[in-house]
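# Structural description and commentary
Here's the letter readout for the chains.
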Amino acid sequence: MRYDKEKGSRRAFIKTTSAGVTSVALAATVAASAGPEAAVTEAPKARREGPPLAVTPACSGHETPASIEGPLFKPDSPERSDLITPGIRGVRLDLGGVVYDTACKPLPGTLLEFWQCDQNGDYDTSGFSLRGHQYTNSRGAFQLRTIIPRDYWGRWGQRAPHIHTQVQAPGGPVLITQLYFPDDTEAYGRDFAALNAADRLLNRACVIGLGASDNGHYTGTFDFVLKTTA
Ligand SMILES: [Fe+2]
């Protein structure tokens, strides 16, 4: 309840901002084949266990690059960190991270909005499947339970798998960006290296750090660095 009023205004702000962004039609089309698989790397975390508001060496202070919003953002998503709803059967992803300001101070109460396509490359445009918003905790941390999205064909050609995100510290400007996956990600039988190389919107600074996979269930981290004033 503490943030209800503030939340309302921030949500409204994101809505306004989104409506003002130039949208270009992005026809989400289903591609073929599938086949969840496993992959390997180190599990991250730890930094989220640190003391509240501590400066963390892992933070570079470099602002997270922005990207286009695309036309498929929908306002008024449910507040939730778990996007695994009935019918979602993709390669599981638990994504966590911390939101910092450019001085590397964690930002509690930061609004994060996530939306993405499903295991077939489809966005839910009639409901809120794989859409949700949440707020960072007192340590500036967030957790998202979701799946790795599928690649799809759109106005910009074949899009590498990505998660759309809006991030806004209390009273700050909205960062709109997209998160991507490492070249060696194994999901749906797709060649992530080729998909990433061919995606002209992809920014390597926005690639999620993927942890160990357990039967196709990934753990990943991504820390955002935001401006807190316009
Ligand atoms: Fe997209």
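I will try to describe carefully the structure that is included in this document. Just so it is clear, the model here is predicted, and its values are computed rather than measured.

Analysis parameters
Residues numbered from 1 in each chain as written. Predicted model: local features only at pLDDT ≥ 70, side-chain atom pairs only at ≥ 80, totals over all residues. Heavy atoms only, no water. Helix = DSSP H or I, 4+ residues; strand = E, 2+ residues; numbered from the N terminus. Buried < 20%, exposed > 50% of the residue type's maximum accessible area, 1.4 Å probe, protein only. Contact = heavy atoms within 4.5 Å. Areas by Shrake-Rupley, 256 points an atom, 1.4 Å probe, with all protein chains shown as cover. Phe/Tyr/Trp six-rings, centres within 6.5 Å; stacked < 30°, edge-to-face > 60°. Lys NZ or Arg CZ within 6 Å of the ring centre and 35° of its normal. Donors = N, O, S within 2.8 Å, 3.2 Å for Na, K, Ca; no water. Tetrahedral: all angles 85-135°; square planar, octahedral: opposite > 155°, others 65-115°. Core = buried A, V, L, I, M, F, W, Y, C linked by side-chain atoms within 4.5 Å. Pairing = 2+ DSSP bridges. Polar contact = N/O pair within 3.5 Å; in protein donor to acceptor, adjacent residues only side chain to side chain. Disulfide = S-S within 2.5 Å.

Attention shifts here to the overall build of the chain. Broken down by element type, the chain carries 2 helices and 11 strands. Along the chain direction, N to C, the helices and strands of the chain fall in the order α-β-β-β-β-β-β-β-β-α-β-β-β. Across the 230 residues of the chain, 50% fall into the buried class. Contacts spanning at least 24 positions in sequence make up 79% of the contacts within the chain whose residues lie at least 6 apart. Within the structure as shown, the chain displays about 10,100 Å² of accessible surface, and the carbon and sulfur contribution to it stands at 54%.

Once that is clear, we can look at the packing of aromatic side chains. One pair of aromatic rings is described through two measures. These are the centre distance and the angle between the planes. Tallied over the entire structure, the rule returns 6 aromatic pairs. Judged by centre distance (6.4 Å) and plane angle (85 degrees), the ring pair of F181 and F192 falls under edge-to-face. Of the two residues, F181 is situated in the loop between β8 (174–179) and α2 (192–198) and F192 in helix α2; the sequence distance between them amounts to 11 residues. There is no split in this pair, since F181 and F192 are both buried. The rings of F114, F142, F222 and F224 are connected pair by pair, giving a single aromatic cluster. If you follow K74 out to its NZ or CZ, it ends over the ring of F128, 4.2 Å from the centre.

The next thing to look at is the coordination of the iron ion. Looking at the iron ion, the protein donor atoms are Y123 (OH), Y152 (OH), H162 (NE2) and H164 (NE2), and they sit 1.9 to 2.2 Å from it. Here the iron ion binds 4 donor atoms, and the angle range of 92 to 158 degrees at the metal identifies the geometry as irregular. On the primary sequence, the residues serving as donors to the iron ion are separated as Y-x28-Y-x9-H-x1-H. Taken as a pair, Y123 in the loop between β2 (111–115) and β3 (131–135) and H162 in the loop between β6 (157–159) and β7 (163–168) lie far apart in primary sequence, 39 residues in all. Accessibility assignment for this pair places Y123 and H162 in one class, buried.

Another aspect to go through is the side chain of T185. Counting through the fold element by element, T185 comes out in the loop between β8 and α2. For T185, a relative accessible area of 3% corresponds to the buried category. Look past the residues within four positions of T185 in its chain and what remains in contact with it is I148, R190, F192, L210 and Y218.

Here the focus is the nonpolar core. The biggest cluster of nonpolar side chains holds 29 residues, and the ones touching the most others in it are L93, L95, V99, I148, I208 and F224. Counting residues in each nonpolar core, the second largest holds 7 residues, with W156, Y180, L202 and C206 among its members.

This part covers the pairing of β3. Of all 5 residues making up β3, 5 are buried, and the element is well covered by its neighbours. Where burial is concerned, the two faces of β3 agree: the one with R131, H133 and Y135 and the one with G132 and Q134 are both buried. Where β2 meets β3, 5 bridges bridge the pair, whose relative direction is antiparallel. Within β3, the position partnered with L111 by the bridge is Y135.

A separate point is the environment of H217. Tracing the backbone through its elements, the reader meets H217 in the loop between β9 (209–210) and β10 (218–221). When its relative accessible area of 26% is taken as the criterion, H217 is described as partly exposed. Distance from H217 to L93, taken between C-alpha atoms, is 5.9 Å for residues 124 residues apart in sequence. Among residues more than four places away in sequence, those in contact with H217 are R92, D94 and A212. A polar side-chain atom of H217 sits 3.5 Å from a polar atom in the side chain of R92.

So, on to the state of the cysteines. As enumerated under the stated definition, the model contains 1 disulfide in all. The disulfide partner of C59 is C104, and the S-S distance across this bridge is 2.3 Å. Judged by the sign of its S-S torsion, about -80 degrees, the bond between C59 and C104 is left-handed. Placement of the pair is C59 in the loop between α1 (4–20) and β1 (92–101) and C104 in the loop between β1 and β2, with a sequence separation of 45 residues. Given the relative accessible area of 9%, C59 is considered buried.

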